[in-house]
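# Architecture and fold: a report
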Amino acid sequence: MISSAKPRILTGDTPTGKLHLGHYVGSVENRLALQNDYDCYFLIANKHAFTTRADKPDEIRQSVIDIATDYLAAGIDPNKATMFIQSEVPAIDELTFFFSMLVPFNRVMRNPTLKDEIRDKELGENYPFGFPLYAVGQVADILAFRPVMVPVGEDQLPHLEMTREIARRFNQMYCGVNPQTEDIDYLKAGGLFPIIEPKLGRVRRLVGTGAPGPSGELLKMSKSLNNAIFLSDDADTVQKKVMGMYTDPKRIRATDPGETDPTKNPLWAFHETFNPDKEWVSQQQEAYRQGKVGDVAIKRRLVEILNALIDPIRTRRKQYEARPNDVLDVLREGTKRANSITEETLTLAKRAMKQDYFRRTLAIQ
Ligand code: TRP
């Protein structure tokens, strides 16, 4: 039996590259705060990366290590939080198969996150069978840990809704829970799986350093859009990216304060997100609108603020880069802990489904 005084939470990332500032405000910051009060499990969803990049195993492997290194560098403490590799936790796959029987195929395909991915990644009709399956896999990622809460970005909410539906269904079908039961009472009523709650981060969507897209809106920071500032960028790179950042050209002509919208200007979006001195930001914004202060001064201040944030991360990253085996050791220990919990969940789930024929043990080396 695993026991911990702190309530458990679970969240994850698909390894698609290094972490950038969008990840920092969308999730890293949240996790740094949560690791003190919760028993945290951070899953690296390497199998999900195979849904669209099965032909790039080297990149996926590198990205698994990069993400773990970035989290450690950002201050995730391996003594407080557990990081682990999805593909080394077999109970997740086993639960995925059983859970896939509890949801209609059409329901999976109506999941808006999958629809958006098919559109944005231009998958057309050619996505693999494993692509829709990953959504059920994510339900298993979560329920295998029976967490009280799941911190995620807004785009993940449809997956969490499916998690709630499948948990209700399992509990009703195999644990005899009355369908009229309130969500928070499912465990009390004899259910195995909690009906989990999402938790969103402080900043839902950080813009990138580039110009607005075709719709006139600034685009989300993303590695593939080439508009990201990475936690692993050196000080010069941060400076270059900020000094070369897009700014609203209309500002120069605008004399009427209403004429320029600072939210359409990434420079101000960044100050509003990262500059702790709110008063400075609103004063300078006004001066900027009136043409009394130029881009360069505001950009210089942003460079200082971002480098102050990233500096300690860089220092710690160097230490971990020098000892790659330490990162692997953290993942190994984390994966062992993840297996203890998920094996226990699987045993209980199989018992509920009357498929508990034998006992087994699992050993990571
Ligand atoms: N799909 C999530 C993403 O791409 C990553 C993820 C996988 C996840 N399993 C999870 C997030 C479980 C929360 C809980 O960001």
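Throughout what follows, the structure given in this document is the object of discussion.

Rules of the game
Residues numbered from 1 in each chain as written. Predicted model: local features only at pLDDT ≥ 70, side-chain atom pairs only at ≥ 80, totals over all residues. Heavy atoms only, no water. Axes fitted to C-alpha atoms, helices over the stretch in contact; angles between N-to-C directions. Helix = DSSP H or I, 4+ residues; strand = E, 2+ residues; numbered from the N terminus. Parallel < 35°, antiparallel > 145°, perpendicular 65-115°, else oblique. Left-handed = near helix turned anticlockwise from the far one by under 90°. Contact = heavy atoms within 4.5 Å. Nonpolar A, V, L, I, M, F, W, Y, C, P; charged D, E, K, R; others polar. Polar contact = N/O pair within 3.5 Å; in protein donor to acceptor, adjacent residues only side chain to side chain. Buried < 20%, exposed > 50% of the residue type's maximum accessible area, 1.4 Å probe, protein only. Pairing = 2+ DSSP bridges. Right-handed = clockwise from strand over helix to strand, strands pointing away. Near = heavy atom within 4 Å. Areas by Shrake-Rupley, 256 points an atom, 1.4 Å probe, with all protein chains shown as cover. Salt bridge = Lys/Arg side-chain N within 4 Å of Asp/Glu carboxyl O. Core = buried A, V, L, I, M, F, W, Y, C linked by side-chain atoms within 4.5 Å.

### Some remarks on the packing of helix α4 (residues 90-100) against helix α7 (residues 130-143)
At a minimum axis distance of 8 Å, the contact between α4 and α7 shows a crossing angle of 120°. Taken as axis vectors, α4 and α7 run oblique relative to one another. Considering how the two elements wind past one another, α4 and α7 form a crossing that is right-handed. Contacts between α4 and α7 involve I92, L95, T96, F99 and S100 from the former and L133, V136, G137, V139, A140, D141 and L143 from the latter. A class-by-class count of the residues in the contact of α4 with α7 yields eight nonpolar, three polar and one charged.

### What to know about the side chain of T82
Here T82 shows up in strand β3 (residues 81-85). Reaching out from T82, the side chain makes a polar contact with the side chain of R337 at a distance of 3.0 Å. T82 has contacts with C40, Y41, F42, G334 and R337, leaving out every residue within four places of it along the chain.

### Observations concerning the side chain of T163
Along the polypeptide, T163 turns up in helix α8 (residues 157-175). Its relative accessible area of 0% is what places T163 among the buried residues. A polar contact of 2.7 Å, which involves the side chain of T163, links it to the backbone oxygen of H159. When sequence neighbours within four positions are dropped, the list of residues in contact with T163 reads V139, I142, L143 and I196.

### Some details on the pairing of β3
Most of β3 sits inside the fold, with five of its five residues counted as buried. On β3, burial covers both faces: A81, M83 and I85 on one face and T82 and F84 on the other are all buried. With five bridges connecting them, strand β2 (residues 39-44) and β3 associate as parallel partners. Across the sheet, the residue bridging to C40 is A81, located in β3.

### A few points about the pairing of strand β4 (residues 149-152)
Residues of β4 alternate between two faces, with M149 and P151 on one and V150 and V152 on the opposite face, all of them buried. Sheet topology places β4 next to strand β5 (residues 197-200); four bridges connect them, and they run parallel. Each bridged residue has a counterpart across the sheet, and for P151 the counterpart in β5 is K199. In this fold, the crossover linking β4 to β5 by way of α8 has right-handed handedness.

### Some points on the site of the ligand
For the ligand, the set of nearby residues contains 13 residues, the closest of which are G12, T14, Q138, D141 and Q156. A distance of 3.0 Å separates a nitrogen atom of the ligand from a polar atom in the side chain of Q156. When isolated, the ligand has an accessible area of 370 Å², and the protein chains bury 87% of it. Those elements that place two or more of their residues in the shell around the ligand are β1 (8-13) and α7. Ranked by the residues each element gives to the shell around the ligand, the list is headed by β1, at four residues. In the shell around the ligand, the residues fall into five nonpolar, six polar and two charged.

### Details of the pattern of salt bridges
Evaluation of the coordinates by the stated rule reveals 26 salt bridges. Of the charged contacts in the structure, one is a salt bridge between E59 and R53, with a shortest N-O distance of 3.3 Å. With a relative accessible area of 41%, E59 lands in the partly exposed category. By relative accessible area, R53 is classed as buried at 14%. The partner of R314 in a salt bridge is D311, and the shortest N-O contact between them spans 2.9 Å. Of this pair, R314 and D311 are both found in helix α12 (residues 295-322), three residues apart, which corresponds to roughly one turn of the helix. Under the relative-accessibility criterion, R314 is labelled buried at 10%. Judged by relative accessible area, D311 falls into the partly exposed class, the value being 41%. Each of E161, R164, R168, D183 and E197 takes part in salt bridges that share partners, so that together they form one network.

### Side note on the nonpolar core
Formed by 54 residues in total, the largest nonpolar core has its most connected members in L21, M83, I229, F270, F274, L306 and L331. Excluding residues within four positions of it along the chain, M83 makes contact with F42, A68, Y71, L72, V330, L331, G334 and T335. Counting 46 residues, the second largest nonpolar core, distinct from the first, contains A45, F131, A338 and L346.

### Considerations on unusual backbone geometry
A positive phi angle, close to 50°, is found at E122, a residue other than glycine. Note on placement: E122 falls in the loop between α6 (112-120) and α7. Even without glycine at this site, N226 takes up a positive phi of about 60°.

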